[in-house]
Amino acid sequence: MLQPPAGVRVPANLMSNINGLMRHPRLRLVVYLGLAKLCVFLPPIMIQKSLGGLAKLNAWDSLIFEGIAENGYIKPEYYAFSPVYPAIIKTLHLSLGLSYSLGAFLATNVLSFVFPLLVYEAFGYTAALLTEFLPTYIVFTTVPYSDVIALIGIGASMVLLLKDKVDARVGACLSLAVTVFYSLTYTLPAYLILAVGGGVRSSINRVLKIYLLPLISLLGVVLWYRQVHGAFYYFALEHDIWG
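Worth saying up front: this structure is predicted, and the values here are computed from it rather than measured.

**Student:** Explain the packing of aromatic side chains here, please?
**Tutor:** The description of two aromatic rings rests on the distance between their centres and on the angle between their planes. The final tally for this structure, using the stated rule, is ten aromatic pairs. Ring geometry for Y73 against W224: centres 5.3 Å apart, planes inclined by 75°, an arrangement best described as edge-to-face. Taken together, the positions of Y73 in the loop between α3 (61-71) and α4 (84-96) and W224 in helix α12 (residues 200-228) put the pair 151 residues apart, joining distant regions of the chain. Y73 sits in the buried class, given a relative accessible area of 19%. Residue class for W224 comes out partly exposed when judged on its relative accessible area of 25%. For the pair Y79 and W224, a centre-to-centre distance of 5.7 Å together with 45° between the ring planes defines the contact as tilted. Of this pair, Y79 sits in the loop between α3 and α4 while W224 sits in helix α12, placing them 145 residues apart in sequence. Put simply, the rings of Y73, Y79, Y182, W224 and Y225 pair up and form one aromatic cluster. One residue, R28, lies across the ring of Y125, its end atom 4.5 Å from the ring centre.

Dropping the structure here:
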């Protein structure tokens, strides 16, 4: 139990709260990430001397996600972005009456507290704390980006696999991840390490449980592109826009 230095008087209720925090690692992770996020939120507020400074954080891809949520895929380059995050923003707008910007901020920042807790369940407190204090994690889970949704899918799948719970839930988690962030498809072969073992029939069963839903989801994305623009339009679009 933590005690104040000799000669220093600290209110008993404050010490009780501090010791309570020390005994609850999940609560500590939530508090530490909240404090880290203040390092992102406070500078624009202090510079602008108002909450309007937060608008400076709403930039880059955030504007595209919010534009899709509000108006749909009205520009060709928007098709490089998954519809999952805009759908969440749209749902918050329709259900709670939030502006698209506020809904995006709320979704990203609330969900950002989930992934470190999943890392804690899978790999322990130190790994979760290091994850929280990565500058890229702090920034890209504070500004309205979709990365954290994909990370939650990956994190949840790892928790299930490391607890040897290989079932359709693993596939559902990976399906969420690759549907939100298409490039995470490249990580799928790595799951073969945890899928193979215990005999041929058992390995095939585990592979199907892990890969069936993600592959169906990816097929859905390909068919969607084909329906809208023709096969492999995304790659042609990348070349035309970015060279």
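Here the narrative resumes.
**Student:** Could you clarify how one ought to interpret the pattern of salt bridges in this entry?
**Tutor:** It is possible for side chains of opposite charge to pair when their charged atoms get near one another. Per the counting criterion, the structure on display carries four salt bridges. Here K163 ties to E121 by a salt bridge, and the two come within 3.9 Å at their closest N and O atoms. With a gap of 42 residues between them, K163 in the loop between α9 (147-162) and α10 (168-180) and E121 in helix α6 (residues 114-123) connect regions that are remote in the sequence. A salt bridge links R206 to D164; the shortest N-O distance between them is 3.6 Å. Taken together, the residues span a long stretch of sequence, with R206 in helix α12 and D164 in the loop between α9 and α10 at a distance of 42 residues. On the basis of relative accessibility, which here comes to 19%, the residue R206 falls in the buried class. On the basis of relative accessibility, which here comes to 55%, the residue D164 falls in the exposed class. Three or more residues joined by partner-sharing salt bridges are found here, namely R26, E121 and K163.

What counts as what
Residues numbered from 1 in each chain as written. Predicted model: local features only at pLDDT ≥ 70, side-chain atom pairs only at ≥ 80, totals over all residues. Heavy atoms only, no water. Phe/Tyr/Trp six-rings, centres within 6.5 Å; stacked < 30°, edge-to-face > 60°. Helix = DSSP H or I, 4+ residues; strand = E, 2+ residues; numbered from the N terminus. Buried < 20%, exposed > 50% of the residue type's maximum accessible area, 1.4 Å probe, protein only. Lys NZ or Arg CZ within 6 Å of the ring centre and 35° of its normal. Salt bridge = Lys/Arg side-chain N within 4 Å of Asp/Glu carboxyl O.

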